[in-house]
Amino acid sequence: MKPGKSTVTVHADRHVHPDRSVARAIHQSAAFSAEDAETFAQRAVEPRGTDFYTRFGNPNHAQAAVVVAELEGTEAAMVTASGMAALTTAVLALVSAGDHVIGQQSTYGGTASVLLNLTPRLGVTTTLVDQRDPDAYANALTPKTRLILVESPSNPLLQITDLRAVAGLARARGVITLADNTFATPLNQRPAEFGIDLVMHSATKYLNGHTDVSAGALAGPAELLDRVWDTGLLTGATLGPIDAWLLLRGIRTLPLRMPRHNDNGLALAAALDEHPAVHRVHYPGLDSHPQHKLAADQMSGFGGVLSVEFTGGYDMADAFLGHLRYARRSASLGGVESLAVHPASMWRGMLNDQQLTDAVPPGLVRLAAGTEDTDDLVADALTAADQASTPPAL
Ligand SMILES: Cc1ncc(COP(=O)(O)O)c(C=O)c1O
């Protein structure tokens, strides 16, 4: 019998650099020794090894990676210093000057900035498409397209990409696909099952789950990851051993945390959707989400993140954030504690004014439900929405 997700997260790394400690040992060493020159030479070229030099690989990396690979259902995985390190290393490994990349109009600000501001400087052209329309990907393909980056659900508009359709299209033309699975997690969605080549995570979010680590992960076929690892040696975006250890400790409880995040996300979305001060809630778990059917087809839960547009624009959104008791104003998501943010103010460091206006409505609030009690979060959000929409007494 194949073990379930909770068993896998606790045991899948047992054979990786085993010792007699029950909790994993932290290998806080930048380098490892070898018995002889031949062993040393072999270890120097072993992709994602564990015994040469931590920038090349570390036992704590390998332990976290094997669990990610098991959860995503891929042959292998690797971990990096952040989600952005995973993304830029993969992009640098897979494209060269003259190539073309397709991304999404609705995507994390850092990803948009890589495609709009970084790759063009390297002679790589990009097209951002409306991810809700699979034909848009077909129309954007050129003979030079090498890579398609998808993100589903997208940050912060929670738009859905038809993973099967995009993967099929890309495969038929030998184009590599990379899916950012940060919002869904492998508990809710496994892009490799739909034919996506590489799966990426900001492991800073749900995988770690406790807002105390910055980390990234990539999962996919070993041959593709070997290429990314090779470039990663040069970008040097190495995850520290302690952070890899903390990441693994966080992943151990992912199957316990996600159902609560899913419940809280859905309950908040349903409650705020009814509030008179709310113009629109973006959450793929709501029947009213224009892509709910597709989301339900490729996801088994919809996560803890939702976006809310208030009728009173930027000011009302800001007032709502100020009135929340539990969710603090912060840039992250996916931890046990609820967080909330105004994407229009958060992404100023990565996108220029025009790029920001194109990416997010100014009055949008992104709520990331933690694992608190559902009733507490819903009552708090409704009270904050009441307060934000009540005119001050004269
Ligand atoms: C969907 C998504 N992808 C990638 C990233 C970047 O990850 P990191 O902050 O770990 O570099 C983020 C960060 O917010 C994200 O939300």
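Residues numbered from 1 in each chain as written. Predicted model: local features only at pLDDT ≥ 70, side-chain atom pairs only at ≥ 80, totals over all residues. Heavy atoms only, no water.

### Some points on unusual backbone geometry
Argument step 1. Along the chain, Ser152 connects to Pro153 via a cis peptide bond; the corresponding omega equals -5°.
Argument step 2. You can see Pro153 is positioned in the loop between strand S4 (145–151) and helix H7 (163–172).
Argument step 3. The omega torsion across Asn155 and Pro156 is 5°, close enough to zero to call that bond cis.
Argument step 4. Positionally, Pro156 belongs in the loop between S4 and H7.
Argument step 5. Within the chain, His17 stands out as a residue other than glycine whose phi angle is a positive 55°.
Argument step 6. With respect to the element layout, His17 can be found in the loop between helix H1 (5–11) and helix H2 (37–44). (Helix = DSSP H or I, 4+ residues; strand = E, 2+ residues; numbered from the N terminus.)

### Description of the sheet that holds S4
Argument step 1. The strand order S1-S7-S6-S5-S4-S2-S3 describes an open sheet built from seven strands, whose pairing is mixed. With one partner strand each, in any of the chains shown, strand S1 (76–80) and strand S3 (125–129) form the two edges of the open sheet. Within the sheet, the average angular offset between the axes of one strand and its neighbour, ignoring direction, is 20°. (Pairing = 2+ DSSP bridges. Axes fitted to C-alpha atoms, helices over the stretch in contact; angles between N-to-C directions.)

### Let's talk about the site of the ligand
Argument step 1. The local shell around the ligand holds 13 residues, among which Met84, Asp180, Ser202, Thr204 and Lys205 are the closest.
Argument step 2. Side-chain polar atom of Asn155 to an oxygen atom of the ligand: 2.9 Å apart, as the coordinates give it.
Argument step 3. Notes on the ligand: free accessible area 390 Å², of which the protein chains cover 91%.
Argument step 4. Breaking the shell around the ligand down by element, the ones donating at least two residues are helix H4 (83–94) and strand S6 (198–202).
Argument step 5. The residue makeup of the shell around the ligand, split by class, is four nonpolar, six polar and three charged. (Near = heavy atom within 4 Å. Polar contact = N/O pair within 3.5 Å; in protein donor to acceptor, adjacent residues only side chain to side chain. Areas by Shrake-Rupley, 256 points an atom, 1.4 Å probe, with all protein chains shown as cover. Nonpolar A, V, L, I, M, F, W, Y, C, P; charged D, E, K, R; others polar.)

### A few points about the domain arrangement of the protein
Argument step 1. Examined at the domain level, the protein breaks down into domain 1 (5–251) and domain 2 (257–389).
Argument step 2. Here the C-alpha centroids of domain 1 and domain 2 sit 26 Å apart.
Argument step 3. Tallying the contact residues gives 38 residues for domain 1 and 37 residues for domain 2.
Argument step 4. Counting the surface lost from both domain 1 and domain 2, the interface buries some 2900 Å², and carbon and sulfur atoms represent 58% of this.
Argument step 5. In terms of surface lost to domain 2, no three residues of domain 1 exceed Ile160, Asn188 and Tyr206, which account for 25% of the buried area on that side.
Argument step 6. Inspection of the region where domain 1 meets domain 2 yields one salt bridge.
Argument step 7. Residue Arg164 is joined to Asp297 by a salt bridge in which the shortest nitrogen-to-oxygen separation is 3.6 Å. (Domains from an automatic or database assignment. Contact = heavy atoms within 4.5 Å. Buried area = accessible area lost by both parts, 1.4 Å probe. Salt bridge = Lys/Arg side-chain N within 4 Å of Asp/Glu carboxyl O.)

### Digging into the sheet that holds strand S9 (residues 305–310)
Argument step 1. Spatially, the five strands line up as an open sheet ordered S8-S9-S12-S11-S10, and their pairing is mixed. Across the chains shown, the open sheet's two edge strands, defined by having one partner strand only, are strand S8 (278–282) and strand S10 (328–329).
Argument step 2. Pairing analysis gives five bridges linking S9 to strand S12 (residues 364–368), with the strands arranged antiparallel. Considered in S12, the bridge of Ser307 is made with Arg366.

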